[in-house]
Amino acid sequence: MNLDKKYKLAVVGATGLVGSTVLKVLEEKNLPILEYEFFASERSCGKTISFMGKDYIVKKLDESSFNNHFDFAIFSAGGDTSKKYSPIAAKSGCVVIDNSSAFRMDPCVPLVVPEVNSEEIFKHNGIIANPNCSTIQAVVSLKPLDDRYNIKRVIYSTYQAVSGAGWKGILDLENGSKGLEPQKFNYPIFNNCLPQIDVFLDNGYTKEEEKMINETRKILKKPDLKITATTVRVPVINCHSESINIEFEKNFDLEELKNILQNAPGIILQDDIKNCIYPLPTKVSNHDEVYVGRIRRDYSVTNGINLWVVADNIRKGAASNAVQIVEKLIFKN
Ligand code: A2P
């Protein structure tokens, strides 16, 4: 793309938790974007958003929203809105970066984490999918290890923050501490752990677990990877934590493996058990890197390792990843 050009970008779902974080990240990055428009549902139509020192009026998203050409649109307004409006936007010549799960497993849609598979970005047909928040942080840590030791099997166990369920998820935790009934989750999240994220499938897994499994295979380009997942909602406001157990084809040296992670793009190593240093949601919140610690051999298999991986699910798990993709499209690197 032409660097002298100033681009036009739409944010769909601008009033949501992810959408408003997209605006925050855009302000921080200050990309060469000249014009912005912000869309949400009818409920928010006419609301004012302060952005980059200017007031913007939120518009209601409809079929004509993309009539005046946009270069990019970041969608964070749920799967149904994406299914209906992303193709309209793409048809108008706009590149859509979609945060929903609507197109992630479509073979014609790249599923991108820039640190992992940025080469996929330019293969788009108008829509690029942002992976699920839990998948993003996992594959950032898996990719450099797969390149070196060839991953054979993965076991995910997640501890996911309520912010992953939007404003209503956060409200359920806050209200729960005051003894109020939940509105978003099936059960109180305060003082609790819910071993269900999204709906159950016929095979007994949840949709969140299925997303992690299928998206990891697609992003790592390992369709037959042996992988399983248990995803759990925990009473943490922000940042998903994951215990990741990995089995490799090749043997590894623990110090070399730590060095690989330390030097990998987008990773911060926090692994100093003598001083009780390891990644914590409260410390990682508001950062874009994926934090990795508690790295230790799994002695129950031949070439196994355990990792503790924490990232800001709203930033790296959604908003920042989407803006990074826009950045790559603009600067073509
Ligand atoms: P609104 O605030 O007007 O409801 P969250 O996941 O944090 O609840 O955010 C969801 C976002 O998606 C909000 O910005 C919400 O707008 C937006 N949204 C929901 N439904 C639609 C729709 N049909 N068209 C456009 N935006 C929508």
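Conventions adopted
- Residues numbered from 1 in each chain as written.
- Predicted model: local features only at pLDDT ≥ 70, side-chain atom pairs only at ≥ 80, totals over all residues.
- Heavy atoms only, no water.
- Near = heavy atom within 4 Å.
- Polar contact = N/O pair within 3.5 Å; in protein donor to acceptor, adjacent residues only side chain to side chain.
- Areas by Shrake-Rupley, 256 points an atom, 1.4 Å probe, with all protein chains shown as cover.
- Nonpolar A, V, L, I, M, F, W, Y, C, P; charged D, E, K, R; others polar.
- Phe/Tyr/Trp six-rings, centres within 6.5 Å; stacked < 30°, edge-to-face > 60°.
- Helix = DSSP H or I, 4+ residues; strand = E, 2+ residues; numbered from the N terminus.
- Buried < 20%, exposed > 50% of the residue type's maximum accessible area, 1.4 Å probe, protein only.
- Lys NZ or Arg CZ within 6 Å of the ring centre and 35° of its normal.
- Axes fitted to C-alpha atoms, helices over the stretch in contact; angles between N-to-C directions.
- Parallel < 35°, antiparallel > 145°, perpendicular 65-115°, else oblique.
- Left-handed = near helix turned anticlockwise from the far one by under 90°.
- Contact = heavy atoms within 4.5 Å.
- Disulfide = S-S within 2.5 Å.

Asker: Honestly, the site of the ligand in this entry has me stumped. Any pointers?
Answerer: By nearness alone, 15 residues border the ligand, and Thr-15, Leu-17, Ser-41, Arg-43 and Ser-44 come closest of all. In this structure, an oxygen atom belonging to the ligand sits 2.9 Å away from a main-chain N or O atom of Gly-16. Contact distances for the ligand include 2.6 Å between an oxygen atom and a side-chain N or O atom of Ser-41. Relative to its free-state accessible area of 580 Å², the ligand is covered by the protein chains to the extent of 70%. Per-class residue counts for the shell around the ligand are 6 nonpolar, 8 polar and 1 charged.

Asker: Looking at this structure, how should I read the packing of aromatic side chains?
Answerer: The geometry of an aromatic ring pair comes down to the distance between the two centres and the angle between the two planes. Per the counting criterion, the structure on display carries 14 aromatic pairs. Here Tyr-36 and Phe-51 contribute two aromatic rings whose centre-to-centre distance is 4.7 Å and whose plane-to-plane angle is 75 degrees, an arrangement assigned as edge-to-face. Taken together, the residues Tyr-36 in strand 2 (residues 33-40) and Phe-51 in strand 3 (residues 48-51) connect sequence positions 15 residues apart. The pair Tyr-36 / Phe-51 is uniform in exposure class, with both members buried. Centre to centre, the rings of Phe-38 and Tyr-56 are 5.0 Å apart; their planes meet at 55 degrees, and the pair counts as tilted. Residue Phe-38 is found in strand 2, and its partner Tyr-56 is found in strand 4 (residues 54-57); the two are separated by 18 residues along the sequence. The pair formed by Phe-38 and Tyr-56 is uniform in burial state, with each residue classed as buried. In textbook terms, an aromatic cluster arises when at least three aromatic residues are bridged by ring pairs, as seen for Tyr-36, Phe-38, Phe-51 and Tyr-56. Taking the ring centre of Phe-70 as reference, the NZ or CZ of Lys-8 above it sits at 4.5 Å. The ring of Phe-252 carries the charged tip of Arg-297 above its face, separated from the ring centre by 4.1 Å.

Asker: Explain the packing of helix 4 (residues 133-149) against helix 7 (residues 254-263) to me, please; I cannot follow it from the model alone.
Answerer: Between two packed helices, both the angle of their axes relative to each other and the distance between the axes serve to describe the pair. At a minimum axis distance of 9 Å, the contact between helix 4 and helix 7 shows a crossing angle of 130 degrees. With respect to each other, helix 4 and helix 7 are oriented oblique. The handedness of the crossing between helix 4 and helix 7 is right-handed. Note on element contacts: helix 7 touches helix 4 through Glu-256, Leu-257, Ile-260 and Leu-261, opposite Ser-141, Pro-144, Leu-145, Arg-148 and Tyr-149. Split by residue class, the contact of helix 4 with helix 7 holds 6 nonpolar, 1 polar and 2 charged.

Asker: What am I meant to see in the state of the cysteines here?
Answerer: Covalent bonding between the sulfur atoms of two cysteines is what defines a disulfide. Counted by the stated rule, this structure contains 0 disulfides. The closest cysteine sulfur to the non-disulfide-bonded Cys-94 is located on Cys-108, 18 Å from its own sulfur. Residue Cys-94 is classed as buried on the basis of its relative accessible area, which comes to 1%.

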